[in-house]
Amino acid sequence: MKPGDLVKRKKAESGHKGDLGLFVGFRKSGNYEYAEVMWFEHSAPNGDRVSSCQISLLEVVNENR
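The structure displayed is predicted, hence computed values, not measured ones.

Colleague: Please give an account of the packing of aromatic side chains that cites residues and values.
Modeller: Using the criterion set out here, one finds two aromatic pairs in the structure. Ring geometry for Phe23 and Phe26: centres 4.9 Å apart, planes at 65 degrees, overall edge-to-face. Using a relative accessible area of 39% as the deciding quantity, one classes Phe26 as partly exposed. Note on Tyr32 and Tyr34: the rings are 5.9 Å apart at their centroids and 20 degrees apart in plane angle, and the pair reads as stacked.

The structure is reproduced here in structure tokens:
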């Protein structure tokens, strides 16, 4: 996964399964690494367009599928 990739949420975290977004990059907090994604259909709980997400919950969307 690299910045600019189109990603999809694999499983429901808060009713947003299958949502598409733009992968912004990786962030680190202590030993925990997570992804930052700008979702197209919703905002983060704090109202921002970019929210954090567990890396294992994301998959890159392949245009050839």
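Colleague: Can you break down the pattern of salt bridges residue by residue, with the values?
Modeller: Close approach of charged atoms allows side chains of opposite charge to pair. Scanning the model with the defined rule gives two salt bridges in all. Here Asp5 and Lys2 are joined by a salt bridge, their closest N and O atoms 3.2 Å apart. Looking at Lys2, the relative accessible area reads 52%, which means it is exposed. Where Glu59 meets Lys8, a salt bridge forms, and the shortest distance between an N and an O atom there is 3.9 Å. Of the two residues, Glu59 sits in strand S5 (residues 58-60) while Lys8 sits in strand S1 (residues 6-9), which places them 51 residues apart along the sequence. The class for Glu59 is partly exposed, based on a relative accessible area of 24%. Accessibility expressed as a relative area gives 31% for Lys8, which makes it partly exposed.

Definitions and cut-offs
Residues numbered from 1 in each chain as written. Predicted model: local features only at pLDDT ≥ 70, side-chain atom pairs only at ≥ 80, totals over all residues. Heavy atoms only, no water. Phe/Tyr/Trp six-rings, centres within 6.5 Å; stacked < 30°, edge-to-face > 60°. Buried < 20%, exposed > 50% of the residue type's maximum accessible area, 1.4 Å probe, protein only. Salt bridge = Lys/Arg side-chain N within 4 Å of Asp/Glu carboxyl O. Helix = DSSP H or I, 4+ residues; strand = E, 2+ residues; numbered from the N terminus.

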